[in-house]
2 protein chains.
Amino acid sequence: MAFELTKEFLADIRRYIVAQDVHWFKEHVLGLHSADIADILDELSNEEAKYIFALLDEEQQGDVLMELEEDVRDRFLKSLSSKEFAEQLENLDSDDAADILGDLSAQEIQEVISQMEDDSAADDIVDLLNYDEDSAGGLMQKEFIQARLNWPVNRCLVELRRQAEDVEMVYTIYVVDDQNRLVGVLSLKRLLFAKPTTKIADLYQSNNIISVKTTDSHETVARVIEKYDLISVPVVDFQNKLVGRITIDDVVDVIKEEADKDFQLASGISEKVESNASIWRLSRSRLPWLLIGLLGGILGAQVISTFEGQIGKIPALAFFIPLITAMGGNVGVQSSAIVVQSLAKGNQFSSLFKKVSKEALLGLLNGAICSSIIFGIAFLFEDLILALVVSISLFAVIMFAAIFGTLIPLVLDRYRVDPAVATGPFITTLNDVLGLFIYFLIGLLLYS
Amino acid sequence: MAFELTKEFLADIRRYIVAQDVHWFKEHVLGLHSADIADILDELSNEEAKYIFALLDEEQQGDVLMELEEDVRDRFLKSLSSKEFAEQLENLDSDDAADILGDLSAQEIQEVISQMEDDSAADDIVDLLNYDEDSAGGLMQKEFIQARLNWPVNRCLVELRRQAEDVEMVYTIYVVDDQNRLVGVLSLKRLLFAKPTTKIADLYQSNNIISVKTTDSHETVARVIEKYDLISVPVVDFQNKLVGRITIDDVVDVIKEEADKDFQLASGISEKVESNASIWRLSRSRLPWLLIGLLGGILGAQVISTFEGQIGKIPALAFFIPLITAMGGNVGVQSSAIVVQSLAKGNQFSSLFKKVSKEALLGLLNGAICSSIIFGIAFLFEDLILALVVSISLFAVIMFAAIFGTLIPLVLDRYRVDPAVATGPFITTLNDVLGLFIYFLIGLLLYS
């Protein structure tokens, strides 16, 4: 079943575009899944893509558009007139349309919206544009299916048929009262097997209704959908009125974006960037951490310069500088990674003390192992005092790194800074400076 | 709607367990969502949890069991007799039951299975145990709804009602031919609005049927579900016979586990561990990278010791060792993080050369900025030659780190090693050694 886009097929496509062979495309391309057609368009020039796009029916156009890579889609939409742009928006779900419009200027938005023919679709999009992009309101769509408490099943089926035209995927029917307040849910399965005269009020499930508020964050929505194993979650306003729904496929994107962001933050990349972003944006996203690293290096130089006389006398002290800094960094990153992940999973730290003491114990164990090894090696190749200096300070550095690696993400989280920041160069830099200080101080003590 | 487990509520629960007040639990606990009940049990002792668990009905028991934290669930199940264990398995979906059994020894599995009363459930579980845990077969469940091509809608509804008892969530009906081969899908929505006499053959969708093979990897399943925006995907064997389905909630877990694993690998943690694992397992998962870091430090010491005479003459050279190693590490981690993420997204590198040259360009830019800054500072506080040595070698180190950071994950991926390994201590260690060598070499050249 897997469609694989081969170079040969792509070459064929290019050739038949030049030949304008509609028949060939009908046979080989238009019947493909919209996600696969999007894969093809991603590889083509804008002009080539437009040729194929024009051959698709409206529904396919909408689906393909949302499956394109973001930069390809932007390029494509920018080449359209406001009129054509508006037509494309009408093929999309309200949340997708609002996401695309949200990237435009206020003037451009107005221009496109004014060209839309379907007023209710336009209203939905305008309404969605009001919500914060990172809130449940910004994630929800206006397409959902609702039934009233007092409807019988047959009335419900008639209404649903009408509503369902706009709704691509139906998973759950939301049940509302006369004031449009969410009172329960009804699975399609139950409706399917119910008698035509049964009232919705006798069928629906009213306890443990899970919903989110329009102002809830993306992370909250993802956590609720995951925790309660939902396929879609209804969104309500402050009066508990049903205003939209969020489906799990959008939440999967949120989960992946969160994971990507954490990974990047931990790797010292400060803004979310795609690998195909411009060289200037890439540079800007990476410089902050490099500058912090630079500052750390300069502070490290300061620490070492304080001990300049000692290095002049015992140059061998300098040999183990990279070992001390590297090990402090590694241990710190490991400890903080574990804490960051626990925090991301929403684990409550019932006892902060327990967490820190466990990492300290681990530091004790791993520190003892690593220090013993380095003591043996340094003793073999250098002398006893240097071996003592290196192993004792390595042990101390690992202990401190383990404890800081645990504490810093917890503290950041408490102050609502994304703790993933801590896993990266931040911990590494701090441990570098601290480690050097410990190392030379112990050197000073033991050599004097 | 959000249920929040407070300390007061937990204290109440403990008190009423002691008092054995069934009535209180009926009123305050049993009506909660199973995920919330599981949250409560997670906090209780095994004996306390058992008291509440026994009050739940069978379906709730299964749901709560699957929502418990893994170690709590293991502890709970271990305290049951084989008979009770078997009863609990019968409340679960086949995939969940197989996952739990999969962790037991062959003898234990046999013992529990022999105690199961529902033979068809036992057969399903035994069948699922045959598949590799990391394959689509290991992820799928046997509960799904199928219809035959030649059924009319009313026959289909009768059959579905029978099948649907076992299937918790119905999203899509899979359509099979007489040989049980998957030929299409049918949405519940279409079935709901169809005439009773219409044949399934006239209703179902037969083109672009997305399915996965039992032998496909978890990653493939996740990619297919994401790409095609599916809620569930049918699983077929080599003869295209329908054998199971995988639902998106299980795939979300896979996606999160993958992201967690990458994050841990990149942070130098070699096995997947929970933060509540034993101290020995935690230590074992972290030691490999610490030992590699140690080895790197020893190699670094070797490099510096080669230049011992130089440090004796110019101790200031030692000041900037941490700066050089830290910056090499930071740049390397940044570059590799971007490549690792692109690879994880399944991006094809149509041109490896393009990727490397972009990172090189970025290295050029960021290297120039950082080197200029450090030149100014070193010139101000030290002397011109040292400023030249530090800035030139920093520039070279950043360039190399950017290129290696890009190349190594690509090479690892080519040889089917998880490239996330490269983002962590591996790149850092390599860059440390290389960076030191460059630094002292340039020092030797400029000071001679």
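If you're wondering where the values come from, they're calculated on a predicted model, not measured in any experiment.

Our focus in this paragraph is the overall build of chain A. Assigned secondary structure in chain A consists of 23 helices and six strands. A globule of 448 residues ought to have a C-alpha radius of gyration of about 22 Å, yet chain A, at 30 Å, is considerably larger. For chain A, the spread of C-alpha atoms along the principal axes amounts to about 90 × 60 × 45 Å. Residue burial in chain A is summarised as follows: out of 448 residues, 45% are buried. In chain A, the proportion of contacts linking residues at least 24 apart, taken out of those at least 6 apart, comes to 69%.

All names here are of chain B. Judged by how many residues are buried, strand 6 (residues 242-247) sits mostly within the fold: six of six residues are covered. Note that strand 5 (residues 232-236) and strand 6 share five bridges and pair antiparallel. Within the sheet, the bridge partner assigned to proline 234 lies in strand 6 and is arginine 245. Linking two consecutive strands that pair antiparallel, namely strand 5 and strand 6, is a turn of five residues; a positive phi of about 65° is found at asparagine 240 within it.

At a minimum axis distance of 9 Å, the contact between helix 20 (residues 321-344) of chain A and helix 20 (residues 321-344) of chain B shows a crossing angle of 40°. If you check the angle between helix 20 of chain A and helix 20 of chain B, you find them oblique. Of the two elements, helix 20 of chain A crosses helix 20 of chain B, and the hand of that crossing is right-handed. Facing helix 20 of chain A, whose interface residues are Ile321, Pro322, Thr325 and Ala326 of chain A, helix 20 of chain B presents Ile321, Pro322, Thr325 and Ala326 of chain B. The residue makeup of the contact of helix 20 of chain A with helix 20 of chain B, split by class, is six nonpolar, two polar and no charged.

Residues and elements named next belong to chain B. If you walk across this open sheet you meet the three strands as 1-2-3, and the pairing is mixed. The outermost strands of the open sheet, each flanked by one partner alone, are strand 1 (146-148) and strand 3 (182-187). Taken over all neighbouring pairs, the strand axes of this sheet differ in orientation by 35° on average, direction set aside. Sheet topology places strand 2 (residues 172-176) next to strand 3; five bridges connect them, and they run antiparallel. Considered in strand 3, the bridge of isoleucine 173 is made with leucine 186.

Before going further, it helps to examine the environment of proline 419 of chain A. Residue and element names in this part refer to chain A. The topology assignment puts proline 419 in the loop between helix 22 (384-414) and helix 23 (420-447). Each C-alpha atom, one on proline 419 and one on arginine 148, is 45 Å from the other, the two residues being 271 residues apart in sequence. Ignoring sequence-local partners within four residues, the contact set of proline 419 consists of Val339, Val340, Leu343, Pro409, Leu412 and Asp413.

We now examine the nonpolar core. Judged by nonpolar contacts, the single largest core of 208 residues is most densely connected at Met327 of chain A together with Met327 of chain B. Non-local contacts of methionine 327 of chain A, meaning those with residues more than four positions away in its chain, are made with Cys370, Leu394, Val397 and Ile398 of chain A together with Leu290, Gly293, Leu294 and Gly297 of chain B.

Quick look at the sheet that holds strand 1 (residues 146-148) of chain A now. Residue and element names in this part refer to chain A. Pairing is mixed in the open sheet, where three strands are placed in the order 1-2-3. Every interior strand has two partners, whereas the edge strands, strand 1 and strand 3 (182-187), have only one. For this sheet, the mean angle separating the axes of adjacent strands, direction not counted, is 35°. The pairing of strand 1 with strand 2 (residues 172-176) spans three bridges and is parallel. By the bridge assignment, alanine 147 is partnered in strand 2 with valine 175.

Turning our attention to the interface of chain A and chain B. Every contact between the two is made by 91 residues of chain A and, on the other side, 93 residues of chain B. The leading source of residues in the side of chain A that touches chain B is helix 17 (residues 279-306) of chain A, at 16 residues. In terms of residue class, the side of chain A that touches chain B is built from 54 nonpolar, 25 polar and twelve charged.

This part takes up the relation of the copies chain A and chain B. The operation relating chain A to chain B is a screw motion whose rotation component is 180°, with 0.0 Å of axial translation and a residual RMSD of 0.2 Å. Taken together, the rotation and translation describe the operation of a two-fold axis. Of the interface residues in chain A, 100% have counterparts in chain B that sit at the interface too, so the contact is made through matching surfaces.

A separate point is the environment of valine 170 of chain B. Locating valine 170 of chain B in the fold gives a position in the loop between helix 12 (153-164) and strand 2. The class of valine 170 of chain B is buried, set by 20 C-beta atoms lying within 10 Å. Between the C-alpha atoms of valine 170 of chain B and serine 357 of chain B, which are 187 residues apart in sequence, the distance is 50 Å. Those residues in contact with valine 170 of chain B that lie beyond four places of it in its chain are Lys189 of chain A together with Ile145, Ala164 and Leu188 of chain B.

Let us look at the packing of helix 17 of chain A against helix 20 of chain B. Running from N to C, helix 17 of chain A and helix 20 of chain B point in directions that differ by 165°, and their axes come no closer than 8 Å. One element, helix 17 of chain A, and the other, helix 20 of chain B, form an angle in the roughly antiparallel class. Viewed along their axes, helix 17 of chain A and helix 20 of chain B form a crossing whose handedness is right-handed. Along its contact with helix 17 of chain A, which presents Arg286, Trp289, Leu290, Gly293, Leu294, Gly296, Gly297, Ile298, Gly300 and Ala301 of chain A, the element helix 20 of chain B presents Pro322, Leu323, Ala326, Met327, Asn330, Val331 and Gln334 of chain B.

Cut-offs and rules
- Residues numbered from 1 in each chain as written.
- Chains lettered and ligands numbered in written order.
- Predicted model: local features only at pLDDT ≥ 70, side-chain atom pairs only at ≥ 80, totals over all residues.
- Helix = DSSP H or I, 4+ residues; strand = E, 2+ residues; numbered from the N terminus.
- Rg over C-alpha atoms; globule rule 2.2 N^0.38 Å.
- Buried ≥ 20, exposed ≤ 12 C-beta atoms within 10 Å, placed from the backbone.
- Contact = placed C-beta atoms within 7 Å.
- Pairing = 2+ DSSP bridges.
- Axes fitted to C-alpha atoms, helices over the stretch in contact; angles between N-to-C directions.
- Parallel < 35°, antiparallel > 145°, perpendicular 65-115°, else oblique.
- Left-handed = near helix turned anticlockwise from the far one by under 90°.
- Nonpolar A, V, L, I, M, F, W, Y, C, P; charged D, E, K, R; others polar.
- Core = buried A, V, L, I, M, F, W, Y, C linked by C-beta atoms within 7 Å.
- Least-squares fit on C-alpha atoms with pLDDT ≥ 70 in both.

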